[in-house]
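# Topology and contacts: notes
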Amino acid sequence: MADNAYARAGVDIEAADRAVDLMKEWVEKARRPEMLGGLGGFAGLFDASALTSYKRPLLATSTDGVGTKVAVAQMVDKHDTIGFDLVGMVVDDLVVCGAEPLFMTDYIATGKVVPERIAAIVKGIAEACVEAGCALVGGETAEHPGLLAPDEYDVAGATTGVVEADALLGASLVREGDVVIAMAASGLHSNGYSLARHVFFTQAGWTVERHVDEFGRTLGEELLEPTRIYTKPALAIARETETHAMAHITGGGLANNLARVMPPELKATLDRGTWTPAPVFDVVRKVGEVAQPDLEATLNCGVGMVALVAPDAVDAALARLADFGIDSWVAGEVSVDPAQQGTVELVGQHPGW
């Protein structure tokens, strides 16, 4: 570290410069033709002239972080997957309205810049942007000595996308008789980690190195399973089938998130018997003695995204999702809600629960 006043205060500018050099390779992979320039500018530039081909382009934006999952990454000392969680959180919030993500920016705050660690985080962000089809146009790394411990960091990001006005998805399109298609989650994704960490580390006293038979791997490996990115398959069914609405299942669980796209005169009824959640959800339930309503109000319980489609579009939508390797199934349907509350009801029980 250079011997200057800023360095003596705990901020290493040279380390930050090295981190930028290390991440350049990965940022370069996450480009779109509309992206102008490279790293080093004060702002990321994106050529918006493509929007002139739209009749009425609507810009959509989303911002989020990954919550306390970063604590698990720090415990395991593995940092190249947390970027998938960050991108998944923002792009799949955006895609539910039918918007294509165009570009993304990220923000990393850390107690001490370790160039290799920062580069690993950005590597994951860039690889996830490629999977989502958006450009990583810029970001910021901030060193906060005294506020964060040297090995601590947090990440956040924001994305912007576009959708044609007459292709906008949402509650206004949902109809009685629509079918609920569920798309499988890859695991806990990036929500409910305060509960999961409390159950595994505080209540059970487990370590991230513990091998868990139900998982077939260590606890740390299971908890760091990256968030599945549904962007391209979700856009495919939105564009190619009669899809009326979608919901990204994040904090609050399946029922609460699906209710956000339900008109008050309709309700969705989902049958738990149509899927078996991955073992991690059952282990959290049993080890933590967590009541099922609490579990379902916190975790995605095996469903990362849902789509509400017209009955005659179901087969085409399922087939298209399969093309992308997404396990999906019919989980329920939409009917009239006598209470006029736009509710979502889960009925039945998961096989084996």
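Analysis parameters
Residues numbered from 1 in each chain as written. Predicted model: local features only at pLDDT ≥ 70, side-chain atom pairs only at ≥ 80, totals over all residues. Heavy atoms only, no water. UniProt positions renumbered as here; feature names shortened; annotations may be inferred. Helix = DSSP H or I, 4+ residues; strand = E, 2+ residues; numbered from the N terminus. Buried < 20%, exposed > 50% of the residue type's maximum accessible area, 1.4 Å probe, protein only. Polar contact = N/O pair within 3.5 Å; in protein donor to acceptor, adjacent residues only side chain to side chain. Contact = heavy atoms within 4.5 Å. Phe/Tyr/Trp six-rings, centres within 6.5 Å; stacked < 30°, edge-to-face > 60°. 1 Å grid on protein atoms, 1.4 Å probe; cavity = no way out; pocket = protein on both sides within 12 Å on 5 of 7 lines; lining within 4 Å. Points joined across faces, edges and corners; volume = space filled by probe spheres on them. Nonpolar A, V, L, I, M, F, W, Y, C, P; charged D, E, K, R; others polar. Pairing = 2+ DSSP bridges. Axes fitted to C-alpha atoms, helices over the stretch in contact; angles between N-to-C directions. Core = buried A, V, L, I, M, F, W, Y, C linked by side-chain atoms within 4.5 Å. Domains from an automatic or database assignment.

An unreviewed UniProt entry lists the chain under the name Phosphoribosylformylglycinamidine cyclo-ligase, with Nocardioides kongjuensis as the source organism. According to UniProt, the comment filed for the chain under the heading Sequence similarities (unreviewed entry) is "Belongs to the AIR synthase family." You can read under Catalytic activity (unreviewed entry) in the UniProt record for the chain the words "2-formamido-N(1)-(5-O-phospho-beta-D-ribosyl)acetamidine + ATP = 5-amino-1-(5-phospho-beta-D-ribosyl)imidazole + ADP + phosphate + H(+)".

For the rest of this paragraph, the subject is the side chain of Arg117. Looking at where Arg117 falls in the secondary structure, it is placed in helix α5 (residues 115–132). Arg117 sits in the buried class, given a relative accessible area of 9%. Of the polar contacts made by the side chain of Arg117, one reaches the side chain of Asp151; its length is 3.3 Å. With sequence-adjacent residues up to four places away left out, Arg117 is seen in contact with His79, Thr110, Lys112, Pro150, Asp151 and Tyr153.

Considering all chains together, one arrives at two aromatic pairs under this definition. Relative to Trp206, the ring of Phe200 has its centre 5.4 Å away and its plane inclined at 20 degrees; by these criteria the two rings are stacked. The residues Phe200 and Trp206 share a single accessibility class, namely buried. Taken together, a centroid distance of 5.9 Å and an interplanar angle of 35 degrees make the contact between Trp275 and Trp329 tilted.

What follows concerns helix α8 (residues 231–240). Among the ten residues of α8, seven are classified as buried, and the element is accordingly described as predominantly covered. All of the buried residues along α8 are Thr231, Pro233, Ala234, Leu235, Ala236, Ile237 and Ala238.

In this section: empty space enclosed by the protein. For the structure on display, the rule yields one cavity of 30 Å³ or more. Its volume calculated, the largest cavity comes out at about 40 Å³. As for the largest cavity, its lining consists of Leu254, Trp275, Glu296, Leu299, Asn300, Cys301, Leu346 and His350. Taken together, the residues of the lining of the largest cavity sort by class into five nonpolar, two polar and one charged.

Spatial strand order, β3-β6-β4-β5: four strands in an open sheet with mixed pairing. Of all the strands in the sheet, the pair left with one neighbour each is β3 (57–65) and β5 (135–143). Averaged over all pairs of adjacent strands, the angle between strand axes in this sheet comes to 15 degrees, irrespective of strand direction. Relative to strand β6 (residues 153–164), strand β4 (residues 100–110) runs antiparallel, the two sharing ten bridges.

The next point concerns the nonpolar core. Among the nonpolar cores identified, the biggest contains 48 residues, and Val87, Val155, Leu188, Phe200, Leu219 and Leu223 are the most heavily contacted of them. Counting residues per element, the ones that place at least two in this core are α3 (69–76), α4 (82–95), β4, α5, β6, α6 (193–203), α7 (219–223) and α10 (279–287). Here this core takes eight residues from α5, the largest share from any one element. Here this core spans two domains, since at least three of its residues come from each of domain 1 (5–164) and domain 2 (171–347). Of all hydrophobic cores here, the second largest spans 23 residues; its members include Met262, Ala331, Val334 and Val344.

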